[in-house]
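Coordinate inspection notes
Residues per chain, in single letters:
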Amino acid sequence: MSVVAMTVNGKSVSADVEPRTLLVTYIRDTLGLTGTHIGCDTSQCGACVVHVDGKAVKSCTMLAAQAEGAEVTTVEGLAQDGELHPVQKAFREHHGLQCGYCTPGMIMTAVDLIRRKPDLDEETVREQLEGNICRCTGYHNIVKAILAASNEMR
Ligand code: FES
Ligand code: FES
């Protein structure tokens, strides 16, 4: 076991975990932040996307120890003062979810995408969502929601 410390959603956290603990397991099981989902064991689905030092990362692809000292944001950390993030609002307004399982990962990917590419078009959104799978096949409204949020945030 070893102590792993980081900042998650603005709060300092630390826990004694096995060195093989994945970041997603640390977030869900150690911190109890279950908004970050696990949808596969092949690093393909994107349900586990969080931000590490501001960049979208599949949290099943890194060890908690690799995030030592990092600033991590999960979907629970997006809303500010009770106000949903513009991307969360857009998913709600444009029906960008069905069962909701992929949604936290989609939203975290989208927030990072809008930050990286402020002039988004539909083709780019579709291409950039390659690493996020929606089993309800709701891509049309997900893309609409991301484009709407991108316009809103310009
Ligand atoms: Fe991480 Fe599927 S759980 S990519
Ligand atoms: Fe069900 Fe995407 S909304 S998996």
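This text follows the structure it describes.
These figures come from a predicted structure and were not determined experimentally.

Here is what the cut-offs are and how they apply
- Residues numbered from 1 in each chain as written.
- Chains lettered and ligands numbered in written order.
- Predicted model: local features only at pLDDT ≥ 70, side-chain atom pairs only at ≥ 80, totals over all residues.
- Heavy atoms only, no water.
- Core = buried A, V, L, I, M, F, W, Y, C linked by side-chain atoms within 4.5 Å.
- Buried < 20%, exposed > 50% of the residue type's maximum accessible area, 1.4 Å probe, protein only.
- Helix = DSSP H or I, 4+ residues; strand = E, 2+ residues; numbered from the N terminus.
- Contact = heavy atoms within 4.5 Å.
- Expected span 1.5 Å × (residues − 1).
- Pairing = 2+ DSSP bridges.
- Axes fitted to C-alpha atoms, helices over the stretch in contact; angles between N-to-C directions.
- Salt bridge = Lys/Arg side-chain N within 4 Å of Asp/Glu carboxyl O.
- Patch = residues over 30% accessible without salt bridge, like charges linked within 9 Å, V, L, I, M, F, W, Y side chains within 5 Å.
- Areas by Shrake-Rupley, 256 points an atom, 1.4 Å probe, with all protein chains shown as cover.
- Lys, Arg positive; Asp, Glu negative; His and termini not counted.
- Charge placed at Lys NZ, Arg CZ, Asp CG, Glu CD.
- Polar contact = N/O pair within 3.5 Å; in protein donor to acceptor, adjacent residues only side chain to side chain.

As a further point, take the nonpolar core. One broad trend across soluble globular proteins is that nonpolar side chains are buried collectively. If you look at the biggest cluster of nonpolar residues, it comprises 23 residues, and the most contacted ones within it are Val-87, Phe-91, Met-106, Leu-129, Ile-142 and Ile-146. Counting residues per element, the ones that place at least two in this core are helix 2 (86-93), helix 3 (103-116) and helix 5 (139-153). Apart from the residues lying within four places of it in its own chain, the contact partners of Phe-91 are Gly-96, Leu-97, Thr-103, Met-106, Ile-107, Ile-142, Ala-145 and Ile-146. Counting 18 residues, the second largest nonpolar core, distinct from the first, contains Val-4, Met-6, Tyr-26 and Met-62.

The end-to-end C-alpha separation of helix 3 is 20 Å, in line with the 20 Å expected for 14 residues at 1.5 Å each. With 12 of 14 residues buried, helix 3 is to be regarded as a mostly interior element. Those residues of helix 3 that sit buried are Thr-103, Pro-104, Gly-105, Met-106, Ile-107, Met-108, Thr-109, Ala-110, Val-111, Asp-112, Leu-113 and Ile-114. In this structure, the buried side of helix 3 is in contact with strand 3 (49-52), strand 4 (55-58), strand 5 (71-73), helix 2, helix 4 (122-128) and helix 5.

Let us look at the pairing of strand 2 (residues 11-17). In this structure, strand 1 (residues 2-8) lies alongside strand 2, joined through 7 bridges in antiparallel fashion. Across the sheet, residue Ser-2 finds its bridge partner in strand 2, namely Val-17. Connecting the antiparallel pair strand 1 and strand 2 is a turn made up of 2 residues, with Asn-9 showing a positive phi of about 50°.

Once that is clear, we can look at the sheet that holds strand 4. Across the sheet, which stays open at both edges, the 5 strands sit in the order 2-1-5-3-4 with mixed pairing between neighbours. Whereas interior strands pair on both sides, the edge strands pair on one side only; in this sheet they are strand 2 and strand 4. Strand after strand, the sheet turns through a mean of 40° between neighbouring axes, direction not considered. Sheet topology note: the strand 1/strand 5 ladder contains 2 bridges and is parallel. When the sheet's bridge partners are listed, Val-8 is paired in strand 5 with Val-72. Helix-sheet contacts for helix 1 (residues 23-30) involve strand 1, strand 2, strand 3 and strand 5, and the interaxial angle to strand 2 is about 105°. Helix-sheet contacts for helix 3 involve strand 3, strand 4 and strand 5, and the interaxial angle to strand 3 is about 40°.

Between side chains of opposite charge, pairing is possible as soon as their charged atoms come close. One pass over the structure, following the stated rule, counts 6 salt bridges. A salt bridge links Glu-83 to Lys-89; its shortest N-O distance comes to 2.8 Å. In this structure Glu-83 comes out as partly exposed when scored by relative accessible area, which is 45%. Between Asp-119 and Arg-154 there is a salt bridge whose closest N-O contact spans 3.7 Å. Pair noted here: Asp-119 is in the loop between helix 3 and helix 4 and Arg-154 is in the segment after helix 5, with a separation of 35 residues, a long-range link.

We now examine a negative patch on the surface. Among the surface-exposed residues, Asp-121, Glu-123, Glu-127 and Glu-130 lie close enough to one another that they form a single negatively charged patch. With respect to the helices and strands, the residue Glu-130 is situated in the loop between helix 4 and helix 5.

What follows is about the side chain of Thr-21. Counting through the fold element by element, Thr-21 comes out in the loop between strand 2 and helix 1. Residue classification places Thr-21 among the buried residues on the basis of a relative accessible area of 14%. Reaching out from Thr-21, the side chain makes a polar contact with the backbone oxygen of Glu-18 at a distance of 2.7 Å. When sequence neighbours within four positions are dropped, the list of residues in contact with Thr-21 reads Tyr-26, Leu-63 and Ala-64.

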